[in-house]
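Survey of secondary and tertiary structure
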Amino acid sequence: FIHTMLCNMHTGHPSDCPHLERRGYTGDGQLTCHAALSVLDARSFYEKWLCDIGDSQDTLSGHIQYTAPYIRSGGGPGGWGCAIVEVPYQLYRHYGDAAILSKYYGNMRRYIDYLEAHSEFGLVTSDKAGEWCLGDWCGPNILYPDRDITSHNQQVIIPAPFVNTYFMVKSLETMREIALIIGKDSDAAEYDEKIATRKKAIQAAYFNTFDGNFVMNVQGANSFAVDLGLGNSTTYANMVAYYKKLGYFDTGIFATDVLIRTLFEHGDAELAVDILTNNGSQGFEHWRQNGATTFHEYWDSNRSRSHCHPMFGAPVAYFFEYLLGIKQTKESAGYEEMIISPQAISRFNRMSGSMETPRGRLSVGYEREDGGVRFAINIPRRSKAILRVWGADHALTEGENEIFVTE
C-alpha cells in the first residue's frame, strides 16, 4: 500500500495511477485517506488536495467533481462527492485541528444540498446531467466468471441509488459530529431529520423482510445496511454466513472497505482476516503470490489495465485500528486519548507496528508466551491510553510499557 501511495502522490494530488489517467479521483482519494494518514505523515499533502476539491466544487449546484484538480472523468455523487466531508474529517481526527472542519463546512452543506436536489422518494437517484452516476466501482466478475468482460463496472449488481444514499447518510452523520465540534449545534437536529428520512427510504426500497437481506446479500450489500443500523436481527448473521461460505471478496472498492470494517466492529476479526488473506483469485494474497508490489486496479490481474491503483487499499487502516488495536476514543482527535485493544490475538503468535502521530511515535507489539501475551507499547507524550484485553483494562503511561496479560 505504501508503495502504491508513494507512486501516486505527486504535485499535491493523490492520483488513481501514475501511468495512465493520473487524475486525483475524489472517490479513490477519500476512500484511502484514512489509511494513507495512518502510514504517512501526509497532512500538508491532503490539505493542499482539499483546496483543489473546494476550488473545483460547482458554485451554483454544489456538485463535487469526480477529480480534483478538475478534469472531466467518471464517478458518482456519493462515494466521490463525499470527499468534501471525509477528507477534512480524517485530517481532524489524525491531527486534532478543528479549523479544517470550519473551513470546509460551507462546502459540505452545499454538497448535501446537491444530493437533495438529485433525490427522489428519499434516494439519491441522479447526478450531474451527462455524467455516469456510479454507485460502487470495479466489482469482480461474479455473474460470468469465464467470460472476458472488459467493462469496469459491468459486474456491479447493487443499485447505484442504494450506495449513493448510503454515502449521503454517512456524510450527514459525520457532519452532525462536525457541527457539534465547531459550535454549529443548531444544525444537528436538521441532520438528524435528514438521516432518519434517508434511512427509512433505504429500508423501504431495498430490504427484503422475507429473508432479512438487502439486494440479495451480495457484493457487501448487507454490510452497507448494517453500517447504518438497518435491517433486522438476521441481516448481519446472513452476511457473516455468506462470507464464511464464499471465503473471498465479491465486492467493489467501497464495499470492500465497509465489509471489512463492519466485521471488525462486530467482533468477527477472524472472518475479516480470512477474507483479507484468502489466496483465491479475488484477494490481496493472489496479487502478492503473483509478484505484486503495489495494489492492482481489478481483482483479476489478467484483465487489469493498471497494476498500481490504491483504491482497494482502504482496509489497511484497520490493521492499525483493529489488529494492533489502536483506536482513539470517540471524543479524541490527534491521538490525545486511546484504547489499545488488539483483535484476533489468538490468530497470530506475534504482531507489531507503529505510526507517527502529532504527539510522537506510537507503537504496539505483542508476542504469545506460555499462559498469556506479552505486550510492548510506546505511548507518545501528552497522550492518554489504556490496554484493554479480554475484558480487562491495564493502565499505560507515556513512553515504553511492557505488560504480560494472562489468558
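Before reading on, note that the structure itself is shown above.
Worth saying up front: this structure is predicted, and the values here are computed from it rather than measured. (Residues numbered from 1 in each chain as written. Predicted model: local features only at pLDDT ≥ 70, side-chain atom pairs only at ≥ 80, totals over all residues. Heavy atoms only, no water.)

Take the nonpolar core next. Counting 126 residues, the largest nonpolar core has Tyr46 and Phe214 as its most contacted members. The dominant element in this core, judged by the number of residues it contributes, is helix α6 (residues 160–181), at 10 residues. Residues in contact with Phe214, not counting those within four places in the same chain, are Phe162, Ile202, Gln203, Tyr206, Phe207, Ala221, Asn222, Ala225, Leu230, Gly231 and Thr235. (Core = buried A, V, L, I, M, F, W, Y, C linked by side-chain atoms within 4.5 Å. Buried < 20%, exposed > 50% of the residue type's maximum accessible area, 1.4 Å probe, protein only. Helix = DSSP H or I, 4+ residues; strand = E, 2+ residues; numbered from the N terminus. Contact = heavy atoms within 4.5 Å.)

A separate point is the side chain of Asp28. The residue Asp28 is located in helix α2 (residues 26–39) in this model. Arg305 provides the closest opposite charge to the buried, salt-bridge-free Asp28, at an N-O distance of 8.7 Å. When neighbours within four sequence positions are excluded, Asp28 is seen to be in contact with Asp16, Trp80, His309 and Met311. (Lys, Arg positive; Asp, Glu negative; His and termini not counted. Salt bridge = Lys/Arg side-chain N within 4 Å of Asp/Glu carboxyl O.)

What follows deals with the sheet that holds strand β7 (residues 326–328). Here we have 4 strands laid out as an open sheet, ordered β7-β8-β12-β13, and mixed in their pairing. A strand with exactly one partner marks an edge of an open sheet, and here the two such strands are β7 and β13 (392–395). Here the strands of the sheet are splayed against their neighbours by 30 degrees on average, with no regard to which way each runs. Looking at chain direction, β7 and strand β8 (residues 337–340) are connected through 3 bridges and run antiparallel. Residue Lys327 lies in a different strand from β8, and its bridge partner there is Ile339. (Pairing = 2+ DSSP bridges. Axes fitted to C-alpha atoms, helices over the stretch in contact; angles between N-to-C directions.)

Turning to the layout of surface pockets, a few remarks are in order. Space inside the largest pocket adds up to approximately 1100 Å³. Looking at the largest pocket, it is lined by 39 residues, and the ones nearest its centre are Glu86, Tyr89, Gln90, Lys170 and Arg261. Breaking the lining of the largest pocket down by element, the ones donating at least two residues are α2, α4 (83–95), α6, α10 (253–265), α13 (316–323) and β7. Per-element accounting of the lining of the largest pocket gives the leading share, 9 residues, to α6. (1 Å grid on protein atoms, 1.4 Å probe; cavity = no way out; pocket = protein on both sides within 12 Å on 5 of 7 lines; lining within 4 Å. Points joined across faces, edges and corners; volume = space filled by probe spheres on them.)

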